[in-house]
Amino acid sequence: MVGAGVAALAATTMLLTGCSGSGNGGAEAGATTGALDFYTDKAAWEPDFDELNATSEEAVDITLNTTGYSDAQQYDAFIKQSFRTDKSPGLFTWHTGDSLEQLVDEGLVAETTDLWDTAIDEGWATEGLRDEYTIDDKQYCVPMNIAYWVMYYNKKIFEEQGIEEPTTWKELDAAAAKLKDAGVTPYYQTSTLFTFQWFQQLVAGTDPELYKGLSTGDVKYTDPEIVDIMNIWLDEQEKGWFSDAGSTVDPAVGLKQGDFAMINFGSFFNGSLDGAGMVSGEDYDMFVIPAVNGDLGTTPVSVESGPLCVAENSKQKDLGLAYSEWWMSADAQTAWNAARGDVAFNPKATVADPMLSELGTTVADGEHSLFTRYFEATPTPILTVALEQFGAFNANPGDPMPFLEAIQAEADTYWADQK
């Protein structure tokens, strides 16, 4: 840990003093080819980014000079500090939602509307994904990756119980009831961090506009519609449909050994399941969670997308935008998928894992609509309290009102400060 901290501090010092390996000038100001300084909070992915250099060099004559951080808080502080110098990064990873909007409001991030127009025209991205990067009718950054939050399930358990993939909420409820009657816990849950999944699924699957209203302050957590939805969750808790929220068993291992039959998680979870010794398509599979309200017209799907951004005042702004445009192409995303193994946001990219390929095609079929994952959609101060309260609800389910009132108290304070 000390070594990692020293390395990160050294990287910060070098960037801010202009003494990094490429001096934040691997290419001259205004250049659209050359070495691009890239900073990311995904330190473990550095080899994957490096693997793309041969492809990007051949395609657009740009290579990444990558510096990875493993400490998220240290990374965020470093990026914000860099904007106060003339050494702001040509390309960096960030977060969508409130965190990105803060940087845009301060004029720190380069606009990418033209890149998105091209991507939409070429069929490289969907309008739903563009919405995730839209602030005041303009786009900023491009997707680094994308994850759809779906339901993973243990195929052996489903086969033993004669359960098919549910296509309606009624069928999902019937599957959960059948599993519970057979002595199998239907769903995974936790009391820490990832405590929001079922709340977002219930609310967005009932009324996407109601869900959106929570992120803008137009809807209160104590509104009757939200209380009714929380009571659905409570009813499911009381039926024993959820796993022990305090379990320390790795969720991938838990699904493998049958501690529960299903887990609502991001599509990056394939890697964890593969690492636990499960085989994609044989031991586990996934399905898009049906809408609670079958009359919505489309099935809402939670999307999590991490952006690649270019600093507005970076000397490498043009180079960063050139790389960003290439990054959105089908060729780039095919190469990235081969390096990283993930869902591709570009429907025209080739995805190695058949399950993830099918998911990408399904979500882009016009019968599904995307909504921003709760973690990104919710302003940070409210999110912090909400995660704690949902975790407490999972650990000790009961009358939803005290939990909702605690969240709304923080929401009232936050929205009052925005006026």
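Residues numbered from 1 in each chain as written. Predicted model: local features only at pLDDT ≥ 70, side-chain atom pairs only at ≥ 80, totals over all residues. Heavy atoms only, no water.

> Describe the overall build of the protein chain, and please don't skip the residues or the numbers.
A tally of helices and strands in the protein chain yields 20 helices and 10 strands. Its C-alpha atoms give the protein chain a radius of gyration of 22 Å, near enough to 22 Å, the size a compact globule of 419 residues would have. Along the three orthogonal principal directions, the C-alpha set of the protein chain runs to about 65 × 50 × 45 Å. Each of the 419 residues in the protein chain was classed as buried or not, and the buried ones make up 52%. Of all intrachain contacts in the protein chain linking residues separated by at least 6 positions in sequence, the fraction that spans at least 24 positions is 75%. For the protein chain, the accessible surface area stands at approximately 17,700 Å², while carbon and sulfur atoms represent 47% of it. (Helix = DSSP H or I, 4+ residues; strand = E, 2+ residues; numbered from the N terminus. Rg over C-alpha atoms; globule rule 2.2 N^0.38 Å. Buried < 20%, exposed > 50% of the residue type's maximum accessible area, 1.4 Å probe, protein only. Contact = heavy atoms within 4.5 Å. Areas by Shrake-Rupley, 256 points an atom, 1.4 Å probe, with all protein chains shown as cover.)

> Could you give an account of the pairing of strand β8 (residues 284-287), with specific residues and numbers?
On β8, burial covers both faces: Y284 and M286 on one face and D285 and F287 on the other are all buried. Pairing of strand β6 (residues 142-154) with β8 involves 4 bridges; the strand directions are antiparallel. Counterpart to Y153 in the pairing with β8 is D285. (Pairing = 2+ DSSP bridges.)

> How would you explain the environment of E236 if you had to name every residue and give the values?
Considering the arrangement of structural elements, one finds E236 in helix α12 (residues 224-238). For E236, a relative accessible area of 2% corresponds to the buried category. Between the C-alpha atoms of E236 and P397, which are 161 residues apart in sequence, the distance is 10.0 Å. Not counting residues up to four positions away in its chain, the partners in contact with E236 are W169, D173, W198, W241 and F242.

> Any details on unusual backbone geometry? Residues and values, ideally.
At D61, a residue that is not glycine, the phi angle is positive and equals roughly 60°. Residue placement: D61 occurs in the loop between α3 (53-60) and β2 (62-68). What makes D61 partly exposed here is its relative accessible area of 40%. Despite not being glycine, L193 has its phi angle at roughly 60°, a positive value. Counting through the fold element by element, L193 comes out in the loop between α9 (169-181) and α10 (197-206). What makes L193 partly exposed here is its relative accessible area of 45%.

> Describe a negative patch on the surface, and please don't skip the residues or the numbers.
Negative charge collects at one region of the surface, where E101, D105, E106, D136 and D137 lie side by side. Structurally, E106 is set in the loop between α5 (98-105) and α6 (113-122). (Patch = residues over 30% accessible without salt bridge, like charges linked within 9 Å, V, L, I, M, F, W, Y side chains within 5 Å. Salt bridge = Lys/Arg side-chain N within 4 Å of Asp/Glu carboxyl O. Lys, Arg positive; Asp, Glu negative; His and termini not counted. Charge placed at Lys NZ, Arg CZ, Asp CG, Glu CD.)

> Account for the nonpolar core, naming residues and giving values.
Here is a general trend for soluble globular proteins: nonpolar side chains tend to be buried in one another's company. Formed by 128 residues in total, the largest nonpolar core has its most connected members in F92, Y152, W198, F199, M262 and W327. Split by domain, this core shows at least three residues from each of two domains, domain 1 (34-147 + 303-362) and domain 2 (148-302 + 374-418). Those residues in contact with F92 that lie beyond four places of it in its chain are F38, Y39, Y75, I79, F83, L103, P307, L308, C309, V310 and A311. (Core = buried A, V, L, I, M, F, W, Y, C linked by side-chain atoms within 4.5 Å. Domains from an automatic or database assignment.)

> I'd like a description of the domain arrangement of the protein chain, backed by residues and values.
Many descriptions give the size of an interface as the accessible area lost when the pieces come together. Domain boundaries assigned for the protein chain yield domain 1 (34-147 + 303-362) and domain 2 (148-302 + 374-418). Between the C-alpha centres of domain 1 and domain 2 the distance comes to 28 Å. Carbon and sulfur atoms supply 59% of the area buried between domain 1 and domain 2, which totals about 1,400 Å² over both sides. In this assembly, domain 1 and domain 2 are joined by 0 salt bridges. At the surface where domain 1 touches domain 2, the tally comes to 4 residue pairs in polar contact (both at pLDDT 80 or more). Among the secondary structure elements, those contributing two or more residues to the side of domain 1 that touches domain 2 are β6, β9 (299-309) and α17 (354-363). Ranked by residue count, the leading element in the side of domain 1 that touches domain 2 is α17, at 5 residues. (Buried area = accessible area lost by both parts, 1.4 Å probe. Polar contact = N/O pair within 3.5 Å; in protein donor to acceptor, adjacent residues only side chain to side chain.)

> Talk me through the packing of aromatic side chains; I want residue IDs and the actual numbers.
On inspection of all chains with the given rule, the structure shows 43 aromatic pairs. Measuring from centroid to centroid gives 6.2 Å for F92 and W94, while their planes differ by 70°, and the two rings are edge-to-face. Taken as a pair, F92 and W94 share a single burial class, namely buried. Taking the centre distance of 5.0 Å and the plane angle of 70° together, the rings of Y211 and F371 count as edge-to-face. With Y211 in helix α11 (residues 208-216) and F371 in strand β10 (residues 368-372), the pair connects residues that are 160 residues apart, well separated along the chain. Of the residues examined, Y211 reaches a relative accessible area of 6% and is grouped as buried. In this arrangement the basic side chain of K42 is found over the ring face of W45, its NZ or CZ atom lying 5.9 Å from the centre. (Phe/Tyr/Trp six-rings, centres within 6.5 Å; stacked < 30°, edge-to-face > 60°. Lys NZ or Arg CZ within 6 Å of the ring centre and 35° of its normal.)

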